[in-house]
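Secondary and tertiary structure notes
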Amino acid sequence: MRGEVEISGAKNAAVAIIPAALMVNGVCRIENMPQISDTEMLLTILSHLGSKIRYINKSTVEIDSTSVNFSDAPFNLMRKIRASYYLIGAMLGRFGIAKTTMPGGCNFGARPIDQHIKGMEALGANVEVRNGFVYAEANDGRLHGARIYLDKVSVGATMNIILAAVLAQGRTIIENAAREPHIVDLANFLNSMGADIRGAGTDTVKVNGVESLHGGSYSIIPDQIEAGTYMVAAAATCGDVMVKNVIPKHLECITAKLRETGTIVQEYEDCVIVKGTSFVRRANIKTLPYPGFPTDMQPQMAVLLTQANGTSVITEGIYDNRYKYVNELRKMGACIDVDGRVAIIEGGTALTGAPVAACDLRAGAAMVIAGLCAIGRTEIEDVKYIERGYENFVEKLRALGADITAVNLPDMPENQENVNQAG
Ligand code: UD1
């Protein structure tokens with residue numbers, strides 16, 4: 001692959017910022033909004049709740065939630081995306097009451113939301129989970145600040161508690177908070193609308209509740225994982241790719257690991273140039289919360305390591321079961337043994353094209369990278385997962401010289417119900 005690719009706005013920031021806009025009295029103008037199915041679904045959910053949504057151009061959207069009312073949201077959409085859990089915090093903040101679906105079927109083992117619930121309860125909400133729904137209500141109409149220690153470093157719980165605390169009465173302190181760049185982005189968005197959040201990006205976040213939020217403009221940060229995916233794709237195909245519109249600091253853990261494999265990564269102010277080598281060195285990876293190596297880059301790196309000069313070990317530090325894609329890679333000739341959270345990858349295997357499935361969003365991206373390295377033709381089904389998190393994936397790859405085509409098969413209609421989860 002050769003050429004330049006422009007990175008879109010960060011999915012995991014956007015899926016929290018859209019629910020956050022529900023709490024704003026006024027027009028939020030949000031730039032660098034990624035056009036992916038997860039954000040489209042959340043915008044549809046907001047418009048059902050009464051928010052007015054207006055696209056200014058393909059990546060700028062205005063959300064006016066001045067006249068929203070508490071009402072039932074489209075639960076069929078909520079069930080499809082993990083990030084609908086942010087509506088609990090946002091609805092509690094805005095209405096003092098929330099009704100959402102539980103984020104359903106999981107891809108990487110159990111993904112409970114107990115820490116979200118613990119946080120809401122500490123802020124004075126009564127939370128009940130019944131028949132796949134989450135009901136939450138502030139005991140006296142408004143939440144109250146509290147000190148919350150997270151038992152697990154959780155991105156979702158940290159952001160959800162921030163959302164709920166913004167319009168609460170008094171000060172909330174979240175300890176053992178997650179530190180991902182999208183948490184900082186959510187806090188920056190809310191602060192630019194009048195919130196008072198400090199410490200986002202550290203393990204202690206302090207939120208001083210305010211009476212209301214006002215409209216404003218905000219630009220979402222570039223997507224760390226989308227950028228990382230193109231970086232690995234460049235490395236795995238021995239390519240030379242300029243990955244543009246990135247924050248190199250957010251990519252440091254990916255850059256460092258790629259350099260260990262012998263890949264050349266040059267960092268500039270808002271882009272990185274990645275040059276692959278035909279001699280890929282083996283490397284060990286352990287996924288960890290930020291600033292550790294992101295679990296969302298684990299499947300893509302596994303593909304690169306199938307091409308390395310020895311045996312690599314990946315240890316998954318976040319999820320119990322994030323190796324479903326390994327069976328698909330084996331169909332292409334990869335030699336990978338999985339034992340619990342550890343995968344042992346034999347390098348130097350020539351991949352060959354095969355019919356495979358995208359098991360989830362990032363696994364789907366990994367299968368695409370495998371297909372690009374493989375000899376022969378690879379057919380990937382269930383690409384709807386990929387569309388949840390990668391804007392114009394096929395077009396961007398084609399512009400880099402990849403031979404890839406999106407196909408709509410007649411027996412797989414566009415609107416086919418997709419109940420699995422990703423992201
Ligand atoms: C977010 C990302 C996802 C990424 C993950 C880890 C979004 C929409 N998704 O997911 O792409 O893979 O961060 O970087 O931003 N946990 C609990 N109880 C809880 C919450 C989490 O036990 O209440 C556990 C999870 O099962 C997991 C770990 O904590 O083992 C981390 O999960 P978390 O950081 O919350 O991930 P998500 O917010 O779901």
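The numbers attached to residues start from 1 for each chain and follow its sequence in the written order. Given that the model is predicted, a residue must reach a pLDDT of at least 70 before its local features are reported, and side-chain atom pairs must reach 80 or more before they are shown or counted; all residues, however, enter totals for whole chains, interfaces and linings. Just so you know, side-chain values use all the structure's heavy atoms and leave hydrogens and water out.

In this analysis a 1.4 Å probe is tested at points of a 1 Å grid over the protein atoms alone, and where it fits but cannot get out there is a cavity; an open set with protein on both sides within 12 Å along at least five of seven lines is a pocket; lining residues have an atom within 4 Å of a point. Grid points are joined across faces, edges and corners, and a volume is the space filled by probe spheres set on the points. The volume enclosed by the second largest pocket comes to roughly 990 Å³. Along the walls of the second largest pocket sit 48 residues, with Val153, Ser154, Val155, Ile318 and Tyr319 positioned nearest its centre. At the level of elements, helix H1 (11–21), helix H5 (114–122), helix H6 (155–166), helix H7 (181–192) and helix H8 (224–236) are the ones that each hand at least two residues to the lining of the second largest pocket. When residues of the lining of the second largest pocket are assigned to domains, at least three fall in each of domain 1 (10–219) and domain 2 (224–422). A helix here means a DSSP run of H or I that spans at least four residues, while a strand means a run of E at least two residues long, and both kinds are numbered starting from the N terminus. Residue ranges assigned to the domains are those given by an automatic or database domain assignment.

The next point concerns the packing of aromatic side chains. Aromatic pairing here means that ring centres of Phe, Tyr or Trp (its six-membered ring) are within 6.5 Å. Orientation follows from the plane angle: under 30 degrees is stacked, over 60 is edge-to-face, and everything else is tilted. Applying the stated criterion across every chain, the model contains eight aromatic pairs. Seen in terms of ring centroids, tyrosine 85 and tyrosine 86 are 4.7 Å apart; in terms of plane orientation they differ by 85°. Their pairing is edge-to-face. For the pair formed by tyrosine 85 and tyrosine 86, the shared burial category is buried. An aromatic cluster is defined as three or more aromatic residues linked by ring pairs; in this entry it consists of Phe75, Phe133 and Tyr135. Should the NZ of a Lys or the CZ of an Arg lie within 6 Å of a ring centre and within 35 degrees of the ring normal, that charge is described as sitting over the ring. In this structure, lysine 99 packs its charged tip against the face of phenylalanine 133, placed 5.0 Å from the ring centre. Exposure categories follow from relative accessible area, calculated using a 1.4 Å probe and restricted to protein chains: below 20% of the type maximum is buried, above 50% is exposed, and the middle band is partly exposed.

Our focus in this paragraph is the pattern of salt bridges. A pairing counts as a salt bridge when a side-chain nitrogen of Lys or Arg comes within 4 Å of a carboxyl oxygen of Asp or Glu. The tally for this structure, following the rule as stated, stands at 19 salt bridges. Measuring nitrogen to oxygen at the nearest pair gives 2.8 Å for the salt bridge that ties glutamate 128 to arginine 130. Take arginine 130: its relative accessible area is 40%, and that puts it in the partly exposed class. Taken together, the shared-partner salt bridges in this structure form one network comprising Arg29, Glu31, Arg54 and Glu62.

Each assigned domain of the chain is listed with its residue range as follows: domain 1 (10–219) and domain 2 (224–422). Put simply, the middle of domain 1 and the middle of domain 2, counted by C-alpha atoms, are 29 Å apart.

The subject of this paragraph is the state of the cysteines. For the purposes of this analysis, a disulfide is any pair of cysteine sulfur atoms at a distance within 2.5 Å. Using the criterion set out here, one finds zero disulfides in the structure. Of all cysteine sulfurs, the one in cysteine 373 lies closest to cysteine 238, which takes part in no disulfide; the gap is 9.6 Å. As a non-bridged cysteine, cysteine 253 has cysteine 271 as the owner of its nearest cysteine sulfur, 18 Å distant.

Next up on the list: the packing of H5 against H6. Axis lines are fitted through C-alpha atoms, for helices just across the contact stretch, and the angle between N-to-C directions can take any value from 0 to 180 degrees. Relative to each other, H5 and H6 sit at 25°, their axes nearing to 8 Å. For the element pair H5 / H6, the angle class is roughly parallel. For the pair H5 and H6, the crossing hand works out as right-handed. Along its contact with H5, which presents Gln115, His116, Gly119 and Met120, the element H6 presents Gly156, Ala157, Asn160, Ile161 and Ala164. Our angle categories are set so that under 35 degrees counts as roughly parallel, over 145 as roughly antiparallel, 65 to 115 as roughly perpendicular, and the remainder as oblique. With the far helix as reference, a near helix turned anticlockwise by less than a right angle produces a left-handed crossing, and one turned clockwise produces a right-handed crossing. Any pair of residues with heavy atoms lying within 4.5 Å of one another is described as a contacting pair.

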